[in-house]
Amino acid sequence: MQWWESLTAFQQVMFVLAISATVVMFIFLILMIFGSDGSDSFDGDVDLDSDVDSINDEPLTNFSGLRILSVRGVLAFLSVGAWTTYGFAGIVHPLLSSLFGVIAGAVASYLMALAFRASMKLESEGNLEYKNAIGKKGNVYIRIPAKRQGTGKVTLTFQERFVEVDAITDEDTDLVTGTIIEVIAMENGTTVLVKKEH
């Protein structure tokens, strides 16, 4: 415990934050790889994403389809940012180490969003027959505007693949991130019509 007692209070806080965020991030990674409960619609996020949907919806999701403000993005920010801050805390002033941590965390969050988008595209490639998605259930990934006023995205599993698909809805209200949906028809070759699962 001499090592712990030799740390400043700031370093101790950063170390605890870094360890906690890293453990939770690895748990999410394992759940995303193996699925939380065998559900076809699990995408590695929880309903917490809906709390930031209004922030995440327009400026970030429309920026090349990236979702930076997600549970994964926040965990990457906290984990990498806290480790970076902790690493520099014993070398430079705490404010400067915090700045380094924020920059590193923001870069990690951005790279996480890029990696997830790339993995979704890889999963979506191939000879998919989107008509086979009719009747399948999934989750809203990017908000779907009500009454066909715009296109959002859903994630679901069909043809033994976990894919991201463009979607529209006839519902009276927007379908926000995390909403469970059912595919009811095809709008065109790559866009599905969905309804909220009740």
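The written sequence of each chain sets the order in which its residues are numbered from 1. Given that the model is predicted, a residue must reach a pLDDT of at least 70 before its local features are reported, and side-chain atom pairs must reach 80 or more before they are shown or counted; all residues, however, enter totals for whole chains, interfaces and linings. The side-chain values count all of the structure's non-hydrogen atoms but skip hydrogen atoms and water molecules.

(A) View of the overall build of the protein chain. Under the scheme used here, helices are H or I runs from DSSP no shorter than 4 residues and strands are E runs no shorter than 2 residues, and both carry numbers assigned from the N terminus. Within the protein chain, the regular secondary structure consists of six helices and five strands. Tracing the protein chain from N to C terminus, the helices and strands come up as α-α-α-α-α-α-β-β-β-β-β. Looking at the protein chain as a whole, 39% of its 198 residues qualify as buried. Contacts in the protein chain between residues at least 24 apart in sequence constitute 60% of all its contacts with a sequence separation of at least 6. Each accessible area value is a Shrake-Rupley result obtained with a 1.4 Å probe; residue values ignore everything except the protein chains displayed when judging cover. A total of about 10,800 Å² of accessible surface is found on the protein chain, and carbon and sulfur atoms cover 62% of it. Type-normalised accessible area, obtained with a 1.4 Å probe on protein chains alone, sets the label of each residue: buried when under 20%, exposed when over 50%, and partly exposed for intermediate values. Note on contacts: a residue pair is in contact if any heavy atoms of the two residues lie within 4.5 Å.

(B) Seen up close, the packing of helix α2 (residues 9–34) against helix α5 (residues 71–89). Contact geometry for α2 and α5: axes closest at 8 Å, N-to-C directions at 145°. The two elements α2 and α5 cross, and the hand of that crossing is left-handed. Of the residues in the contact of α2 with α5, the class split is 19 nonpolar, four polar and one charged. With axes taken as lines fitted to C-alpha atoms, and helix axes fitted only over the stretch in contact, angles between N-to-C directions fall between 0 and 180 degrees. Each crossing is labelled by how the near helix is turned from the far one, with a counterclockwise turn of less than a right angle marking it left-handed and a clockwise turn marking it right-handed. In this count, Pro and Cys sit with the nonpolar residues alongside Ala, Val, Leu, Ile, Met, Phe, Trp and Tyr, while Asp, Glu, Lys and Arg are called charged and the others, Gly among them, polar.

(C) Representation of the side chain of Thr22 in the model. Tracing the backbone shows Thr22 in helix α2. Taking relative accessible area as the criterion, Thr22 reaches 16% and is therefore assigned buried. Polar contacts, as counted here, are pairs of nitrogen or oxygen atoms within 3.5 Å of one another; within protein the pair requires one atom able to donate a hydrogen and one able to accept it, and residues that are adjacent in sequence qualify only if both atoms are side-chain atoms. Within the local environment of Thr22, its side chain forms a polar contact with the backbone oxygen of Ala18, the two atoms lying 2.7 Å apart. A distance of 2.8 Å separates polar atoms of two side chains, one belonging to Thr22 and the other to Ser79. The contacts of Thr22, once residues within four sequence positions are left out, are Ser79 and Trp83.

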